[in-house]
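Summary of structural features
Listed below, chain by chain, are the residues.
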Amino acid sequence: MEQMITNLGFPIACVVALGGCIVFVGRYFIEQDKANRNDVNKIFENVRADSKEDREMYRDSINKFSDKLDKFGTALENNNSELGLIKTDIEKIKEKVGV
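The sections below set out a description of the structure shown in this document. In this text the structure is predicted, and so the values were computed from the model without any measurement.

**A closer look at helix α2 (residues 10-97)**
Owing to its 3.6 residues per turn, the α-helix aligns residues three or four sequence positions apart on the same side. In this model α2 runs 127 Å from its N-terminal to its C-terminal C-alpha over 88 residues, within 8% of the 130 Å that 1.5 Å per residue would give. Gly98 lies just past α2 and shows a positive phi near 95°.

**A few points about a nonpolar patch on the surface**
A contiguous nonpolar patch, built from Phe24, Val25, Tyr28 and Phe29 and spanning about 460 Å² of accessible area, is present on the exposed surface. Locating Phe24 in the fold gives a position in helix α2.

**Some thoughts on the pattern of salt bridges**
This model, assessed by the stated rule, comprises 1 salt bridge. A salt bridge links Arg37 to Asp33, with the nearest nitrogen and oxygen atoms 2.6 Å apart. One end of the pair, Arg37, and the other, Asp33, are both in helix α2, 4 residues apart, so they sit about a helical turn from each other. Arg37 sits in the partly exposed class, given a relative accessible area of 47%.

Thresholds, definitions, all that
Residues numbered from 1 in each chain as written. Predicted model: local features only at pLDDT ≥ 70, side-chain atom pairs only at ≥ 80, totals over all residues. Heavy atoms only, no water. Helix = DSSP H or I, 4+ residues; strand = E, 2+ residues; numbered from the N terminus. Expected span 1.5 Å × (residues − 1). Patch = residues over 30% accessible without salt bridge, like charges linked within 9 Å, V, L, I, M, F, W, Y side chains within 5 Å. Areas by Shrake-Rupley, 256 points an atom, 1.4 Å probe, with all protein chains shown as cover. Salt bridge = Lys/Arg side-chain N within 4 Å of Asp/Glu carboxyl O. Buried < 20%, exposed > 50% of the residue type's maximum accessible area, 1.4 Å probe, protein only.

Below is the structure:
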């Protein structure tokens, strides 16, 4: 360093040292930015995976609910037919009793 100062002069040696510091700081910031981007990308990947799992769970829930509604509709139809039979039986009983 002393030989560089005597050969080039103090101002030029300071400029070279400052340039080295700027390169070092620049690399540090670039590495930090790359690490932050990797962290953000991992977070986005996790959110996408969670979202995919949620969508699959909602689809399964909707399909199960749809099946339950179909079974409930069938049960209502059966109850309506049985109520119709009971109604006809009551009408027959009324006719026999004379009411």
